[in-house]
Amino acid sequence: MRAWFVYGSLASAAQFALPLLGAAALLLWIERAGRRGRAYGGGARWRPLPVTALRGVKAAAATGFCLTLLGLGLLLPAGWLAWTSMDVTPEWPRLIAAARNSLGLGVGGALVTVLLATALALASRRLPLTARLASVGYATPGAVMAIGLLVPAGWLWSMAPGGSANVAAGILLLLYAYAARLMAAALEPVDAGLSRVTLSMIHAARGLGAGETRAALRVQLPIAAPALFTAGLVVLIDVLKELPATLILRPFNFDTLAVIADNYARDERLANAGWPSLMLVGLALPPVLWLSRKVAHARPGSP
């Protein structure tokens, strides 16, 4: 980021980015190698989890620990931002436009990423290497991903000079960067959802005359629909707070809440940065709460 923004040198930024990309690919290979040949049995029965009722000092300590995490991670920073922002009049038109841009990019990035992740997951049995290569992007910093797209970005912008065409080209580049960056975040839930479809289900659909595409549309995707929705929410949350790729590849005069907060922070106007930061938390909090509730209710033995 510093080599690109401060020195304006694409070559220097690429020299820093390539080792980071290589390190990310190496770590991903080590993680995959560690899980090779290991699988969780799918025939285990669900059984109730043992519940231990805490009392006295143990109950107070457990409650205090959980409240400390919540306070340090959310309540204290959000409270400080709200307190420092009270004396600042927010630029509501600009913030509303940025919130609309953030939400639009989040929804668009989620749809594109989940669609591509679903296609990769369906084809992973025949081409397992493609899914592994697509997962490298999640371990790659957003700035590295954006720097790698600067050359095709320049070519695309030259093909669509000025006006709405330039904005559309920039948004397409952003969606592509989000999909490449967050493919693994969507691929894991999609894989988990498709794993619920047994081979006997697929063979039954094929035996009834359904082709491979029709079997996927009529059998596999409906069963995996909750997992697809979960993957979309995960990508949506990541896109809302994504800064480096958005900062580098966004069209001119196209700001998101994360970009506005970063600009204010760079100018040391921390009070002004509080409003876009709080709005960003407000946009991301509902899907986070929904996902947390679904994860808690998906545990074995939960009601």
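What counts and how
Residues numbered from 1 in each chain as written. Predicted model: local features only at pLDDT ≥ 70, side-chain atom pairs only at ≥ 80, totals over all residues. Heavy atoms only, no water. Helix = DSSP H or I, 4+ residues; strand = E, 2+ residues; numbered from the N terminus. Buried < 20%, exposed > 50% of the residue type's maximum accessible area, 1.4 Å probe, protein only. Contact = heavy atoms within 4.5 Å. Areas by Shrake-Rupley, 256 points an atom, 1.4 Å probe, with all protein chains shown as cover. Polar contact = N/O pair within 3.5 Å; in protein donor to acceptor, adjacent residues only side chain to side chain. Salt bridge = Lys/Arg side-chain N within 4 Å of Asp/Glu carboxyl O. pLDDT = per-residue confidence, 0-100. Axes fitted to C-alpha atoms, helices over the stretch in contact; angles between N-to-C directions. Parallel < 35°, antiparallel > 145°, perpendicular 65-115°, else oblique. Left-handed = near helix turned anticlockwise from the far one by under 90°.

Peer 1: Help me out: how do you make sense of the overall build of the protein chain in this one?
Peer 2: The helix and strand tally for the protein chain stands at 15 helices and zero strands. In the protein chain, buried positions account for 36% of the 303 residues. A separation of at least 24 residues holds for 79% of the contacts in the protein chain among residues at least 6 apart in sequence. Element-wise, carbon and sulfur atoms account for 68% of the exposed surface of the protein chain, whose accessible area totals about 18,700 Å².

Peer 1: Where do I start with the side chain of Asp255 in this structure?
Peer 2: Position of Asp255 among the secondary structure elements: in the loop between helix 13 (244-249) and helix 14 (257-266). For Asp255, the side chain forms a polar contact with the side chain of Arg250, separated by 3.2 Å. Other than its neighbours up to four places away in sequence, Asp255 contacts Arg94, Ala98, Asn101, Arg250 and Ile260.

Peer 1: Honestly, the pattern of salt bridges in this entry has me stumped. Any pointers?
Peer 2: With the rule as written, the count across this model stands at five salt bridges. Here Glu91 makes a salt bridge to Arg94, at a shortest N to O gap of 4.0 Å. Across the pair Asp255 and Arg94 runs a salt bridge, and its minimum N-O distance is 3.6 Å. With a gap of 161 residues between them, Asp255 in the loop between helix 13 and helix 14 and Arg94 in helix 4 (residues 92-123) connect regions that are remote in the sequence. Overall, the relative accessible area of 17% leaves Asp255 in the buried class. On the basis of relative accessible area, Arg94 is assigned to the partly exposed category, the value being 32%. What you see here is one network of salt bridges that share partners, running through Glu91, Arg94, Arg250 and Asp255.

Peer 1: Before we go on, may I ask you to explain the confidence of the model for the protein chain in this structure?
Peer 2: Where the model shows low pLDDT, its predicted coordinates should not be examined in detail. Confidence in the prediction of the protein chain, expressed as mean pLDDT, is 79, and 76% of residues score 70 or more. Ignoring residues within four places in sequence, the model shows residues 39-44, a span with pLDDT below 50, making zero contacts including any to other chains.

Peer 1: What is the right way to read the packing of helix 4 against helix 12 (residues 225-241) from this model?
Peer 2: Between two packed helices, the angle of one axis relative to the other and the distance separating the axes together describe the packing. With their axes 8 Å apart at the nearest point, helix 4 and helix 12 run at an angle of 135° to one another. Judged by the angle between their axes, helix 4 and helix 12 are oblique. You can see that helix 4 and helix 12 cross each other, and the crossing is right-handed. Residue-level inspection shows Ser102, Leu103, Leu105, Gly106, Val107, Gly109, Ala110, Thr113, Val114 and Thr118 of helix 4 in contact with helix 12, the latter providing Leu228, Ala231, Gly232, Val235, Leu236, Val239 and Leu240.

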